[in-house]
Amino acid sequence: MTFVYPAVFTPHADGKGFHAEFPDLECCVADGADLDDAIDAAQEAAYNWIQLELDEGGDLPPQTPPEDMQLPEDGFVRNIMVRVKLLPDND
């Protein structure tokens, strides 16, 4: 299955790297030394969050449209795509 969630990216205060957080995925955050690293880290964080939620039988939240988000002054949104391969249970 493929999931897409918006992540809000903001530059670190020292100008070195970016912080990412997912408004729809509670406590799902990531950081990277540059934007590419932050995007990769955000994708991994979202994958882990989604995989854990699916493993625990929880429901995934709906995606908030980026235009409905209030962003920090220097923040911007990127949609992060995560692919999770669902395997049949071996029970």
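Criteria and cut-off values
- Residues numbered from 1 in each chain as written.
- Predicted model: local features only at pLDDT ≥ 70, side-chain atom pairs only at ≥ 80, totals over all residues.
- Heavy atoms only, no water.
- Helix = DSSP H or I, 4+ residues; strand = E, 2+ residues; numbered from the N terminus.
- Buried < 20%, exposed > 50% of the residue type's maximum accessible area, 1.4 Å probe, protein only.
- Areas by Shrake-Rupley, 256 points an atom, 1.4 Å probe, with all protein chains shown as cover.
- Pairing = 2+ DSSP bridges.

On to the overall build of the chain, then. For the chain, the helix and strand inventory stands at one helix and four strands. What you see in the chain, going N to C, is helices and strands ordered as β-β-β-α-β. Seen through its C-alpha atoms, the chain measures out along the principal axes to roughly 50 × 25 × 20 Å. Taken across its 91 residues, the chain has 32% of its residues classed as buried. For the chain, the accessible surface area stands at approximately 6,100 Å², while carbon and sulfur atoms represent 48% of it.

Here strand β3 (residues 29-32) shows one buried face, formed by Ala30 and Gly32, and one open face, formed by Val29 and Asp31. Across four bridges, the pairing between strand β2 (residues 18-21) and β3 is antiparallel. Pairing of Glu21 across the sheet is with Val29, part of β3.

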